[in-house]
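# Coordinates in review
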Amino acid sequence: MSTSVLLIDDHDLIRQGLSRAFERSPDFNVVGQAGTLAEGERMVHGMAPEVVVIDVRLPDGSGLDATRRLRDRNADMGIVVLTMYAGDEQLFAALEAGASAFVPKDAPSEDVVAAARHAAVSPRSFTAADLADAMRRRMQPSGPQLSPREKEVLNLLAEGLGVSAIARRLFISESTAKTHISKIYDKLGAGNRAQAIMSAIRAGLIREVSITA
Amino acid sequence: MSAVPLHMSTRHCARLATGARVFGVSAVAVLALVERDLPGVLAVAMLAGLAVLATLATRRALLGGTLIALSEAGLAAVIVGSHLGDLPFVMLYLVVPPFVAGLHAGVVGTAISCLLEIIVVYLLTAPALSLDALSERLEVAAPWVLTSVGSGVLGAWLRQLDHVPPRDSDAYHSARRLLGELRTVARSLSAGLDPVGIAQQILVETREAIGDEAAVVLVRTEGGILVPLSQDEGGRLSEVGNDDPVVMECWTTEAPAQEIVGGPLGRRVRVALPLQVGVRMIGIVVAECGRGVSAAQLQILHSSLSEHTLRLDTALVFDEVRTLATADERRRLAREIHDGIAQEVASIGYAVDEMIADSDSREQRDSLRALRNELTRLVSELRLSIFDLRSEVSQSAGFGAALTDYVRQVGTRSGMSVHLSLNETPQRLRVEVETEILRIAQEAITNARRHSGASNLWVTFAADPPHATLSIADDGHGLGTPRSDSYGLRIMRERAERIGASLEIRSREGGGAQVSLTLAPETSRSPARNLGAVAALRKDREDVHLGLAHR
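These numbers come from a predicted model, not from an experiment.

What counts as what
Within each chain, residue numbers correspond to sequence positions counted from 1 in written order. The lettering of chains begins at A and the numbering of ligands begins at 1, in the order of writing. Totals for whole chains, interfaces and linings use all residues, but because this is a predicted model, local features are given only for residues with pLDDT of at least 70 and pairs of side-chain atoms are given and counted only at 80 or more. Side-chain metrics in this entry use all non-hydrogen atoms of the structure; hydrogen atoms and water are not considered. Counting from the N terminus, the helices are DSSP H or I runs at least four residues long and the strands are E runs at least two residues long. Per-residue accessibility, obtained with a 1.4 Å probe over protein chains only, is compared with the maximum for each type, and a residue is labelled buried under 20%, exposed over 50%, and partly exposed between these values. Residue exposure ignores everything except the shown protein chains as possible cover, and the areas themselves are Shrake-Rupley values with a 1.4 Å probe. Contact definition: two residues touch when any of their heavy atoms are within 4.5 Å. Note: buried area is the sum, over both parts, of the accessible area (probe 1.4 Å) each one loses when the two are combined. Under this definition, polar contacts are N or O atom pairs within 3.5 Å; protein pairs additionally need one hydrogen-donor-capable and one acceptor-capable atom, and for neighbouring residues in sequence, both atoms have to be side-chain atoms. As a working rule, the residues Ala, Val, Leu, Ile, Met, Phe, Trp, Tyr, Cys and Pro are called nonpolar, Asp, Glu, Lys and Arg charged, and the rest polar, with Gly in that last group. Criterion for a salt bridge: a side-chain nitrogen of Lys or Arg within 4 Å of a carboxyl oxygen of Asp or Glu. Note on ring pairs: Phe, Tyr and Trp rings are taken, using the six-membered ring of Trp, and paired if centres are within 6.5 Å. Classes follow the plane angle, with under 30 degrees stacked, over 60 edge-to-face and the rest tilted. Comment: axis = line fitted to C-alpha atoms, over the contacting stretch for helices; angle = value between 0 and 180 degrees taken between N-to-C directions. The scheme is simple: roughly parallel for angles under 35 degrees, roughly antiparallel for over 145, roughly perpendicular for 65 to 115, oblique for anything else. Should the near helix be turned counterclockwise from the far one by less than a right angle, the crossing is left-handed, whereas a clockwise turn marks it as right-handed. Comment: arc refers to directions from the helix axis out to C-beta atoms. Patches here are clusters of residues that have more than 30% relative accessible area and form no salt bridge, with a 9 Å joining cutoff for like charges and a 5 Å cutoff for nonpolar side chains (Val, Leu, Ile, Met, Phe, Trp, Tyr). Within this scheme, the nonpolar core is defined by two criteria: the residues are buried Ala, Val, Leu, Ile, Met, Phe, Trp, Tyr or Cys, and they are joined through side-chain atoms within 4.5 Å. Pairing between strands is defined by DSSP: at least two bridges between the two strands are required.

Attention now moves to the overall build of chain B. When its secondary structure is counted, chain B shows 17 helices and eleven strands. The burial tally for chain B puts 49% of its 551 residues in the buried class. Summing over all exposed atoms, chain B offers an accessible surface of approximately 26,700 Å²; the carbon and sulfur share of this is 59%.

What follows is the structure, encoded as structure tokens:
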């Protein structure tokens, strides 16, 4: 029995190329093609295909948002996200939206078919050619690295606590607190509390803090 | 008359006309009462009736203002002319219509109104009089005619005031003039709209006025943070931050501030001077002097800087607008490539995939595979171009983060091992400057990726605002002749020029090429700092190795 596939992409030639690629493999059957999200989602609900191949950018919205909606309604549908964008952002967004596979558009059509095959079998796992590199890139530190203790101290600094208050809060001596603070200043290249907080925000070490002029 | 406001409305005009009528009627009435004469009282009643009629007609807008004024002149002349023989004092009222006509129709209205009165009065009185009596009457009438003309001119002048363009359009006029200048200046690029150059003029002027030893211009950026724009000394003042007491005092009080600081050369006086456009603070000049500066001196300097400040503000706004417009255009271009050529090439790739699948001959398959690889490479390049066009320096994340993101994405796809070294102080450069530096880095990295055949790429960035250096070096096969004047290099030079930085491209020792960008906005007093000085910053260097690519 062949797997039913629905293609959602606003470029006719892309859909045509992919549809021919699926037709070449006997285990697939393209049941429909759509050029917009609205049309595509309507067809998904009407035809209940086993695999949906969807582009990230469509004229009436984001394919990633649609992926999230499709995944919410159906946990067992294979979803292959296609993209022309470079950058890990899209890959991780597809992963988080619940896609089963992620394929860039420079890859040969066989890759898309292979991804669809994977998606049909295990829709709730995720595969992408660049996944390992992307994970490695994501895990690499980009800015100054603070120890967990230093992060705690930094957060208390951002709350506006003084040295002795920080020491009391963390059950450490004042001199230890001072050492932590001066290390934080060193790592952040800051000369004082305000500079430290500013560069910590910039490095993404603390989320938000109200600064009064 | 000086109390009359410059914007005189039509209502104001009507009120003045009514006032003149009331005055005319009352004056004639008083004189009539003095004479205790019945025909006099009748004449006054007729004039009063005319005045009420004219006022009502004006208020209800029954006729045009000019027409009412002229009819009023004619009718008043008839009333006055028919009573002139017995009651010369009614002539007084003839002053009123020319004034009203002046208010409504200017000098021309006044002239017609006066002429009308003279003709009507003459026609009504002259035939009844002898020549002697006529000349006697003329003597009596002459001052009144003159007074009428005078009052008419007064009315016309008031009307003129009414037509002075309101303040709003004044603002538009000056805005238009400024924009016109802006266009002229913008064409010659950065000549007169270079914020750094203007800041340097401010520093020169400050030095001439108070004889400082070091100074820095800080400007407000989005988010209310002050960033150094230019300084005229070897960096001693570069650590003046937003939280410096004298800066904070100056910023909050919007007035010059001074404090005594201890420095490497002993006690110094640090002076902060607000840079204001109208009531808006756009920045601060901080200067360090050997001695105190009198308040009067500061006041003089403050006012002499006002023109530079306006120019600086304009230049900063222009820079911001240009950056925004460029960013918009880049996003549009990215969309266009994404939706157009990139999809088309990708679909040709799919078509070649099909040809490979359908092909029987092995030779044909091999050549088609080579074509497919080329197409894949082409689509990858287009994807990276879209990525280039879409990467921006964010206001919150900082330049280092933007550069790191870019280098990671692009560098690791290239098969080169990328060594990124960042050295930033908490202070930032202006986003407009950071954006240009990022574009230069993108171009240099792209060049190395495409042409150098290098296995290592070193990306080094150090910033100590307003100074910064960027170096991109590779160990590839060096500068080829065709590369040295390529389009990409020209764009890099233009970008460097726009932010007042110098760009150097040379062969790297041990093979490969190196692109170095040095941003050192100094005034003429001190020579540009060398690369080493900026690189030797307080902070330890942090090397972030991105590891070997896995392709």
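Turning our attention to the interface of chain A and chain B. Across the contact, 45 residues belong to chain A and 43 residues belong to chain B. When chain A packs against chain B, close to 3,900 Å² is buried across both sides, 50% of that on carbon and sulfur atoms. If you sort the residues of chain A by the area they bury against chain B, Met-84, Asp-106 and Arg-202 of chain A come out on top, with a joint share of 21%. Counting across the chain A and chain B interface gives eleven residue pairs in polar contact (both at pLDDT 80 or more). For the side of chain A that touches chain B, the elements supplying multiple residues, two or more each, are helix 1 (12-24), strand 6 (78-83), helix 4 (88-97), helix 5 (109-121), helix 6 (131-139), helix 9 (174-188) and helix 10 (193-202) of chain A. The element best represented in the side of chain A that touches chain B is helix 1 of chain A, accounting for six residues. Grouping the amino acids of the side of chain A that touches chain B by side-chain chemistry returns 17 nonpolar, 13 polar and 15 charged.

Using the criterion set out here, one finds 30 salt bridges over all chains in the structure. One salt bridge connects Asp-27 of chain A with Arg-117 of chain A, and the closest N-O pair in it is separated by 2.9 Å. One end of the pair, Asp-27 of chain A, is in the loop between helix 1 and strand 2 (28-34); the other, Arg-117 of chain A, is in helix 5, with 90 residues separating them in the sequence. Between Asp-106 of chain A and Arg-383 of chain B there is a salt bridge; the shortest N-O distance is 3.1 Å. With one member in each of two chains, Asp-106 of chain A in the loop between strand 7 (101-104) and helix 5 and Arg-383 of chain B in helix 12 (residues 362-390) form a pair that bridges those chains. Comparing Asp-106 of chain A with Arg-383 of chain B shows no difference in burial state: the two are buried. Members of the salt-bridge network, linked through shared partners, are Asp-319, Arg-322, Arg-430 and Glu-432 of chain B.

Before going further, it helps to spend a moment on the packing of aromatic side chains. All names here are of chain B. All chains considered together, the criterion is met by three aromatic pairs over all chains. Considering the side-chain rings of Phe-387 and Tyr-406, the 6.1 Å spacing of their centres and the 15° angle between planes classify their relative orientation as stacked. Taken together, the residues span a long stretch of sequence, with Phe-387 in helix 12 and Tyr-406 in helix 13 (residues 399-411) at a distance of 19 residues. Between the aromatic rings of Phe-399 and Phe-461, the centroid separation amounts to 4.5 Å while the plane-to-plane angle is 50°, which identifies the pairing as tilted. Highlighted residues: Phe-399 in helix 13 and Phe-461 in strand 7 (residues 456-464), separated in sequence by 62 residues.

Residue and element names in this part refer to chain B. For the pair helix 10 (residues 306-339) and helix 12, the least separation of the axes is 8 Å and the interaxial angle reads 160°. On the basis of their axis angle, the class for helix 10 and helix 12 is roughly antiparallel. Both helix 10 and helix 12 take part in a crossing whose hand is left-handed. Two secondary-structure elements touch here, helix 10 through Arg-330, Leu-333, Ala-334, Ile-337 and His-338 and helix 12 through Leu-382, Ile-386, Asp-388, Leu-389 and Arg-390. Tallied by class, residues from the contact of helix 10 with helix 12 come to six nonpolar, one polar and three charged.

Let us now look at helix 3 (residues 63-73) of chain A. Residue and element names in this part refer to chain A. Listing the buried residues of helix 3 in full gives Gly-63, Leu-64, Ala-66, Thr-67, Leu-70 and Arg-71. Each buried residue of helix 3 lies within a common arc of 155° when the element is viewed along its axis, so the set occupies one face. Exposed positions of helix 3 whose direction lies more than 90 degrees from the buried face are Asp-72 and Arg-73. In this structure, the buried residues of helix 3 make contact with helix 2 (37-47), strand 3 (51-55), strand 4 (57-58), strand 5 (61-62), strand 6 and helix 4. Regarding helix 3, its N-cap is Ser-62, as a side-chain oxygen of that residue lies 3.0 Å from the backbone nitrogen of Leu-64 further along.

Another aspect to go through is a nonpolar patch on the surface. All names here are of chain B. A surface patch of nonpolar side chains, about 430 Å² in accessible area, is lined by Leu-115, Ile-119, Tyr-122 and Leu-123. Position of Leu-115 relative to the elements: it lies in helix 4 (residues 96-125). Residue classification places Leu-115 among the exposed positions, given a relative accessible area of 53%.

Our focus in this paragraph is the nonpolar core. Membership of the largest hydrophobic core comes to 59 residues, with the highest contact counts inside it found for Phe-22, Val-53, Ile-54, Val-80 and Val-81 of chain A. Discounting chain neighbours no more than four positions away, the residues touching Ile-54 of chain A are Ile-8, Leu-37, Gly-63, Ala-66, Thr-67, Ile-79, Val-80, Val-81 and Leu-82 of chain A. In terms of nonpolar packing, the next biggest core, distinct from the first, is built from 41 residues, Ala-86 of chain A together with Phe-399, Ala-402 and Ala-496 of chain B among them.

The next subject is the side chain of Ser-151 of chain B. Residues and elements named next belong to chain B. With respect to the helices and strands, the residue Ser-151 is situated in helix 5 (residues 131-162). Its relative accessible area of 11% is what places Ser-151 among the buried residues. A distance of 2.8 Å separates a polar atom in the side chain of Ser-151 from the backbone oxygen of Val-95.

Residues and elements named next belong to chain B. For strand 5 (residues 280-289), a buried count of nine out of ten residues is recorded, marking the element as mostly surrounded by other parts of the structure. Taken together, the six bridges between strand 1 (residues 214-220) and strand 5 define a ladder with antiparallel strand orientation. Within the sheet, the bridge partner assigned to Val-219 lies in strand 5 and is Gly-283. Between strand 4 (residues 266-277) and strand 5, which pair antiparallel and follow one another directly, the connecting turn spans two residues, one of which, Gly-278, has a positive phi of 65°.

Here the focus is unusual backbone geometry. Only a minority of non-glycine residues have a phi that is not negative, and only a minority of peptide bonds are not trans. Residues and elements named next belong to chain B. Omega for the bond connecting Pro-465 with Pro-466 falls within 30 degrees of zero, at 5°, which places this linkage in the cis form. Note that Pro-466 resides in the loop between strand 7 and strand 8 (467-474). Positioned with a positive phi, Glu-254 is a non-glycine residue whose angle comes to about 55°. Tracing the chain through its elements places Glu-254 in the loop between helix 8 (245-253) and strand 3 (257-263).

Right, let's talk about the sheet that holds strand 2 of chain A for a bit. Either a parallel or an antiparallel arrangement is found when strands of a sheet pair, and the pairing is made through backbone hydrogen bonds. All names here are of chain A. In space, the six strands of this open sheet follow the order 2-1-3-6-7-8, with parallel pairing throughout. In this open sheet, the two strands that pair with only one neighbour each are strand 2 and strand 8 (127-128). One ladder, built from four bridges, connects strand 6 with strand 7; its direction is parallel. In the strand pairing of strand 7, Thr-83 is matched with Pro-104.

Take the environment of Thr-127 of chain A next. Residue and element names in this part refer to chain A. Along the chain, Thr-127 falls in strand 8. You can call Thr-127 partly exposed: its relative accessible area is 30%. Sequence separation of Thr-127 and Phe-102 is 25 residues, and the distance between their C-alpha atoms is 6.4 Å.

Turning to helix 2 of chain A, a few remarks are in order. All names here are of chain A. Within helix 2 the residues assigned to the buried category are Leu-37, Gly-40, Glu-41, Met-43 and Val-44. Within helix 2, the buried residues cover an arc of 160° as seen down the axis, which keeps them to one side. Those residues of helix 2 that are exposed and aimed more than 90 degrees away from the buried face are Arg-42 and Gly-46. Contacts made by the buried residues of helix 2 are with strand 1 (3-8), strand 2, strand 3, strand 4, strand 5 and helix 3. A positive backbone phi angle near 45° is found at Ala-48, which sits one or two residues after helix 2.

With that out of the way, let us pick up the packing of helix 2 (residues 38-60) of chain B against helix 3 (residues 65-83) of chain B. Residues and elements named next belong to chain B. Put simply, helix 2 and helix 3 touch, their axes get as near as 10 Å, and they point 175° apart. Looking at the two axes, helix 2 sits roughly antiparallel to helix 3. On the side of helix 2, the interface is formed by Pro-39, Ala-43, Met-46, Leu-47, Leu-50, Ala-54, Ala-57 and Thr-58, while helix 3 contributes Ile-68, Glu-72, Leu-75, Ala-76, Ile-79 and His-83. A class-by-class count of the residues in the contact of helix 2 with helix 3 yields eleven nonpolar, two polar and one charged.

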